[in-house]
Amino acid sequence: MVSTNVVSNDGNGNASPENKTPQQMAPKKPTPPSFAFRARNFAAKSLRFGSTVVGIAVAANVASHIYELNQVDTFFSGNNTDSSNDKEGAQTDDKSKGKSKKSVLVLPFSNLKVVERRSGDFDDLKRLGPDRDKQPTIVLEAKELVKIIHTAASDPNITALHADFGEGMRFPCGLGHMEEIRNAIRVFNESHRRHRDPNTQHNPVFAMQRNGDPKQSYAFGHSFQWNEYFLASSFTHVHLQSRGALHLFGVTASNTFLRSALDKYGIKAHVFKHGDYKTAPNMFTEDKYSKPHLEAVKSMTASLNNTMFSCIEKARDLNFDSVMRKSMFDYGSLSAANGADLGLIDAMFPVDPLLSLLHANKEVAAGDKEKVEDGKDLIKAKKAKLEEIFGLNKSFDKFVATEQVSLVKYHEMMKKKAKLEERRKYFTKLAESSTAASLILSTIGLAPREAKLLPSKVEKVAVVTVDGSIGSSLSYEIIESLRKIRTDDDVKCLVLRVNSPGGSVTSSEAILEELKILEKPIICSMSNYAASGGYYISTSCEKIFANPTTITGSIGVFGIKLDASKWAKDYGIRTDYYPHGSHAASLNPLVPLTPRTKGNITRLIAGHYDYFKNIVADGRSMSVDEVEQVAQGRVWTGEQAKEVGLVDRLGGLDRAVSYAKSTHTKSESVDVEYWPRKKGFWDFISGKEPLAGIISEAVALVKNSSDETDSIVHLFNEMSELKFAERPHFMLTMDEKTALDLILGRE
C-alpha cells in the first residue's frame, strides 16, 4: 500500500503553520551585522558624543569668559554700588551709574617680599609649611608692584594708598627696587598731572580727568629703620605709633673676614687679583678693612646716604644742613614726638587708624542718604567724627575712602583683566577671518560688533632678567632665552635687566658672546646690583640705565687657589700624586702652590682683566687708560657711575623700556615680553622642569638658609670632608657670598 503525504501551503509557496516541520518551526537566528556596519555605527555615536562634549566645553569656556569679564568690569567700574537699601528704587540706580567707588589700596610692606624675578609659581608653597597659620608672605616682583601702583593711580575708584609697615619689613628690599617703588608712589601722588618723564609715565588703564584733586597716600608703622623710612617718606602722610621710634642711623656696610679662622685650621687662600679695590677676596686674606677697602666702603655709603637723604628732604619738604644731618644720625633713636617736631612724621597714633577712618566715612556716607540729622554739613560731621577718634588732625581731611582693597585681590583682578585682553585680541582676529565668525562672536559678546582691525604683526620689546650670581645654570637659562629671541623677527629691541653682583668669568663671557650675536639693539637696565660680572655683560649695550642707588662697576678679576696642605699634614693626611704635566695637580687643595702654578694663574688673571678693560673701552667709547682710572675693582653707585661715564642715564626699568619703545619701534601698540619664562606646574608634568629642581625650590621657600653665615659653615664642612671642586676659581664678583658659593660649586 502506497501512502502519499500532501503538504498544504499558504498560496505563496510557504508551508502553512499547521503543516511546518519542527525544523521550520524553530526561530531563525538574526544575521550578525557586518564589521563595516558596526564601525560606522560606533563612529556616528562617538561623533555625536564628541560634538556634545566639545559643545559643552565651548559653552563652559564662553560662560567662564563672560563671568570673568563681568567680574572684572564690576571690580574696576564705578557701578558696583549697593542700592538694596535705596528708598527711591530704580531712580537711585540711574543716578548712581557712573559714580566711582571710594576705595583705599592697602600695601602690606610688613609681610611683602619684593624680588627681581620669580622663577616659577611655587611661592605659595610656603603656606603649606609650619608657618601656614601665621601672617602669609606676599611675593611680588618689583615691576609687578610698580604696575599695580601705576594702575591704581589711573583707577578712579582708588582714592588713596595705605602702606602698613607694622613692626618693620620682614624681608629686606634692595635700594634699587625701593627707588622704583618710590617713583611709582610719586606717580600716584601726582596722578592729577601729566608726566613727561618716561620713568614715571604709564599707560592709563582708565579714562580719568587730570585736573582733579591729588590722591592721598598714607604710611603707618610701629617704628622705622633708615631704609624703611626712605620708602615711607614717599607717601604724602607718614604716621608713627605713639610709642614708636625712628631709628635713622644712615647707611651701613658690613663685611666678614675669615683669615684668622683659616689660619687656625692651617688653610691658606692664595689670591690673584688686579686692582686694589677688588675687595671680595679680602675675606680670605685679611682680618679687617684694608686702606683701599675702607676707602671704597666710605665712598659708596656716603653716596648712598646723600642720595637717600636728598630724596627724603624733597619728599618731606625739609631743609636740613650738613650739621643737622650729622646731629640726627649721631643722636640715635628718635621718639615719635621728636619726629613730629623735625617734620619727619605728620602724626602719631596708638593704633593704625585705617579701620576707624573707613568706619567713620561709612557713617558719613550713611548720613548722606539720610540728609544728616540736625542739618549738619557732611564735612563738619566727618571732621567731628574724626576729631572724636584721633583728635584734631588735618591728615585725614581728604581721606574719602569707605572700603579697602587688598593688594592680593587687586593684583589678581589685574591679571584677569590682562588675560581677558589677550582673549579679546584673539577673538577679534578670529572675527576678522569671516563674516559668520564675526556675527556669532559679536552676538555672544566675545568680540565687538565693529571690530577694529588689529595689526597682523605686533612689535615687541623683550626684557631678559639676569637675576642672581652668574654661574653655569643661570647662564644656560639666559642663553636659551636669547636664542629664542634672536629668531623672533617681531622683537625689535632687547632690554637687559641686570640684578647681579657678578659671578664666574666663564659664565659671564658666555652670556656676553651670545648678546654680541643677537643682531638687535640692546638697552641695559640695572636694578639693585650690576657689578663686576653684572657690568661685564652690560658692556655691549647701546644705553645703560641705573638707579642712583644701584651698586655697579667693580671692573676687575680675581682668582683663588686654596691650599689645605698644612691642615692635611696636621691631621695625618698624606696625598701622593703623579701628574702628567707641571700643572695637572695644581688645583688640588691638598697640593701646595708651586711657582709654575702661581705664574700660570697670574697670567690668566692679567689676560682676563685686560680683556675686561678693552670691552668696557669699546662699549663706553673710552680709552683703556681712562677705563683703568675707574676700574681696579672700584665699586660705584649709579649716581657716581654716571659721573665717571660708566652709566648713560639715571632711571629704572620703566625708563629703559620707554626708551626702547620710542627709539626702536614704530607702532603705537608694542608688546613687552619677559624672559626667561616662568616655570609652572605644567612644565613639571611635561618634563620641562625636573622634579628635583621644584622640590629644592619649595624647600628653599620653607627654609631660607642661604645667608653668608650658612655659606661659611658650609665652607668648613667641605674642608673637613675634602669636597673641594678641582676647577679654577676665576671670578667677576664684588660679593663675598657669591665667591664662597662659586668656590664650593653651589651656584
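Source: prediction; values computed, not measured.

Basis of the calculations
Residues numbered from 1 in each chain as written. Predicted model: local features only at pLDDT ≥ 70, side-chain atom pairs only at ≥ 80, totals over all residues. Heavy atoms only, no water. Helix = DSSP H or I, 4+ residues; strand = E, 2+ residues; numbered from the N terminus. Buried < 20%, exposed > 50% of the residue type's maximum accessible area, 1.4 Å probe, protein only. Contact = heavy atoms within 4.5 Å. Areas by Shrake-Rupley, 256 points an atom, 1.4 Å probe, with all protein chains shown as cover. Salt bridge = Lys/Arg side-chain N within 4 Å of Asp/Glu carboxyl O. Patch = residues over 30% accessible without salt bridge, like charges linked within 9 Å, V, L, I, M, F, W, Y side chains within 5 Å. Axes fitted to C-alpha atoms, helices over the stretch in contact; angles between N-to-C directions. Parallel < 35°, antiparallel > 145°, perpendicular 65-115°, else oblique. Nonpolar A, V, L, I, M, F, W, Y, C, P; charged D, E, K, R; others polar. Core = buried A, V, L, I, M, F, W, Y, C linked by side-chain atoms within 4.5 Å. Polar contact = N/O pair within 3.5 Å; in protein donor to acceptor, adjacent residues only side chain to side chain. Lys, Arg positive; Asp, Glu negative; His and termini not counted. Phe/Tyr/Trp six-rings, centres within 6.5 Å; stacked < 30°, edge-to-face > 60°. Pairing = 2+ DSSP bridges. Right-handed = clockwise from strand over helix to strand, strands pointing away. pLDDT = per-residue confidence, 0-100. Expected span 1.5 Å × (residues − 1). Disulfide = S-S within 2.5 Å.

Asker: Please provide a residue-by-residue account of the overall build of the chain, values included.
Answerer: Of regular secondary structure, the chain possesses 27 helices and 21 strands. Each of the 747 residues in the chain was classed as buried or not, and the buried ones make up 46%. Taking the contacts inside the chain whose residues are at least 6 apart along the sequence as the reference set, 77% of them involve residues at least 24 apart. Accessible surface, the chain as shown: approximately 39700 Å² in total, 52% of it carbon and sulfur.

Asker: Which residues make up the pattern of salt bridges, and what are the values?
Answerer: One pass over the full model with this rule turns up 21 salt bridges. Of the charged contacts in the structure, one is a salt bridge between Glu-477 and Arg-117, with a shortest N-O distance of 3.1 Å. Of the two residues, Glu-477 sits in helix α16 (residues 472-486) while Arg-117 sits in the loop between β2 (112-115) and β3 (138-141), which places them 360 residues apart along the sequence. Take Glu-477 and Arg-117: they sit in the same class, and that class is buried. Across the pair Asp-576 and Arg-574 runs a salt bridge whose closest N-O atoms are separated by 3.3 Å. Taken as a pair, Asp-576 and Arg-574 share a single burial class, namely exposed. One continuous salt-bridge network, built from bridges that share partners, spans Lys-460, Asp-488, Glu-673 and Arg-677.

Asker: With reference to specific residues and values, describe a nonpolar patch on the surface.
Answerer: A cluster of nonpolar residues, Tyr-265, Tyr-571 and Ile-573, forms a patch on the protein surface that exposes about 310 Å² of accessible area. Residue position: Tyr-571 is located in the loop between α19 (565-570) and α20 (595-620). Judged by its relative accessible area of 57%, Tyr-571 falls in the exposed class.

Asker: Describe the packing of α16 against helix α17 (residues 505-516), and please don't skip the residues or the numbers.
Answerer: Packed helix pairs are characterised by how far apart their axes lie and by the angle those axes make with each other. One way to put it is that α16 packs onto α17 with a least axis distance of 9 Å and a crossing angle of 5°. Considering their axes alone, α16 and α17 lie roughly parallel with respect to each other. Facing Ser-472, Ser-475, Ile-478, Ile-479, Leu-482, Arg-483 and Arg-486 of α16, the residues of α17 in contact are Ser-507, Ala-510, Ile-511, Glu-514 and Leu-515. Residue composition of the contact of α16 with α17, by class: six nonpolar, three polar and three charged.

Asker: Describe in detail the nonpolar core, supporting the description with residues and values.
Answerer: Nonpolar side chains in soluble globular proteins tend to be buried together. Ranked by internal contacts, the top residues of the largest apolar core, which has 63 residues, are Phe-109, Leu-145 and Tyr-410. The next biggest cluster of nonpolar side chains, apart from the first, holds 46 residues, and it includes Ile-470, Ile-478, Ile-544 and Val-627.

Asker: Tell me about the environment of Glu-295, and name the residues and values.
Answerer: Structurally, Glu-295 is set in helix α9 (residues 291-316). In this structure, the C-alpha to C-alpha distance between Glu-295 and Tyr-277, residues 18 residues apart in sequence, is 8.7 Å. Beyond its immediate sequence surroundings of up to four residues, Glu-295 is in contact with Tyr-277 and Arg-634. Among the polar contacts made by the side chain of Glu-295, one reaches the side chain of Tyr-277 at a distance of 3.2 Å.

Asker: How would you sum up unusual backbone geometry? Please name residues and give values.
Answerer: Cis geometry marks the peptide bond from Trp-675 to Pro-676, where omega comes out at -10°. For Pro-676, the position within the fold is in the loop between β20 (670-675) and α24 (681-685). A positive phi angle, close to 60°, is found at Gln-632, a residue other than glycine. Accessibility expressed as a relative area gives 23% for Gln-632, which makes it partly exposed.

Asker: Report on the side chain of Asp-155, specifying residues and quantitative values.
Answerer: By the secondary structure assignment, Asp-155 is in the loop between α4 (142-154) and β4 (158-166). It turns out Asp-155 is buried and unbridged, and the closest side chain with the opposite charge, Lys-215, is 6.1 Å from it. Separated by 2.9 Å, the side chain of Asp-155 and the backbone nitrogen of Asn-157 make a polar contact. Polar contacts involving the side chain of Asp-155 include one to the side chain of Tyr-410, which spans 2.8 Å.

Asker: Just give me the short version of the packing of aromatic side chains, but keep the residues and values in it.
Answerer: Between two aromatic rings, the relevant description is the distance of the centres plus the angle of the planes. Enumeration according to the criterion identifies 13 aromatic pairs in this entry. Measuring from centroid to centroid gives 5.4 Å for Trp-226 and Phe-329, while their planes differ by 80°, and the two rings are edge-to-face. Of this pair, Trp-226 sits in helix α6 (residues 226-232) while Phe-329 is found in helix α10 (residues 322-331), placing the two residues 103 residues apart along the sequence. Here the two residues Trp-226 and Phe-329 agree in accessibility, since each one is buried. Ring geometry for Tyr-536 and Phe-612: centres 4.9 Å apart, planes at 75°, overall edge-to-face.

Asker: Can you explain the pairing of strand β11 (residues 459-467)? Please cite residues and give values.
Answerer: In terms of residue burial, β11 counts as a mostly covered element, since eight of its nine residues are buried. Sheet topology places β11 next to β20; six bridges connect them, and they run parallel. Within β20, the position partnered with Val-463 by the bridge is Tyr-674. Relative to strand β12 (residues 491-500), β11 runs parallel, the two sharing eight bridges. Of the residues in β12, the one forming a bridge with Val-461 is Cys-493. Following the chain from β11 across α16 to the adjacent parallel β12, one finds a crossover that is right-handed.

Asker: So what's going on with the confidence of the model for the chain? Which residues, and what values?
Answerer: Here the chain shows a mean pLDDT of 79. Residues at 70 or above account for 67%. The model gives residues 125-130 a pLDDT under 50, and that stretch makes ten contacts with residues more than four places away or in other chains.

Asker: Any details on the environment of Lys-278? Residues and values, ideally.
Answerer: In this structure, Lys-278 sits in the loop between β7 (268-273) and α8 (282-285). For Lys-278, a relative accessible area of 0% corresponds to the buried category. Here the alpha-carbon distance between Lys-278 and Gly-556, two residues 278 residues apart in the chain, equals 6.3 Å. Within the structure, the side chain of Lys-278 is placed 3.4 Å from the backbone oxygen of Gly-556, a separation counted as a polar contact.

Asker: Kindly report on the pairing of β4, identifying the contributing residues and their values.
Answerer: Most of β4 is tucked away: eight of the nine residues are buried. Sheet analysis places strand β1 (residues 103-107) next to β4, joined by five bridges and oriented parallel. The residue bridging Leu-107 from the neighbouring strand is Ala-163, located in β4. In this structure, β4 lies alongside strand β5 (residues 216-225), joined through six bridges in parallel fashion. Pairing of Asp-164 across the sheet is with Phe-220, part of β5.

Asker: Help me get a handle on the environment of Phe-109, residues and values and all.
Answerer: Looking at the secondary structure, you find Phe-109 in the loop between β1 and β2. When the C-alpha atoms of Phe-109 and Phe-171 are compared, they prove to be 8.8 Å apart, with 62 residues separating the residues in sequence.

Asker: Explain α9 to me, using residue names and the numbers behind them.
Answerer: Look at α9: 37 Å from first C-alpha to last across 26 residues, which is about the 38 Å you get at 1.5 Å a residue. Looking one or two places after α9, you find Asp-317, whose phi comes out positive at around 55°.

Asker: Pulling in residues and values, what's your account of the state of the cysteines?
Answerer: Where two cysteines share a covalent bond between their sulfur atoms, that bond is called a disulfide. Counted according to the given criterion, the structure contains zero disulfides. The thiol of Cys-524 is not disulfide-bonded; the next cysteine sulfur, from Cys-541, is found 4.6 Å away.

Asker: I'd love a proper account of helix α5 (residues 175-189), names of residues and values included.
Answerer: For α5, built from 15 residues, the straight-helix expectation of 21 Å at 1.5 Å per residue is met to within 8% by its first-to-last C-alpha distance of 21 Å. With 14 of its 15 residues buried, α5 lies for the most part within the structure.

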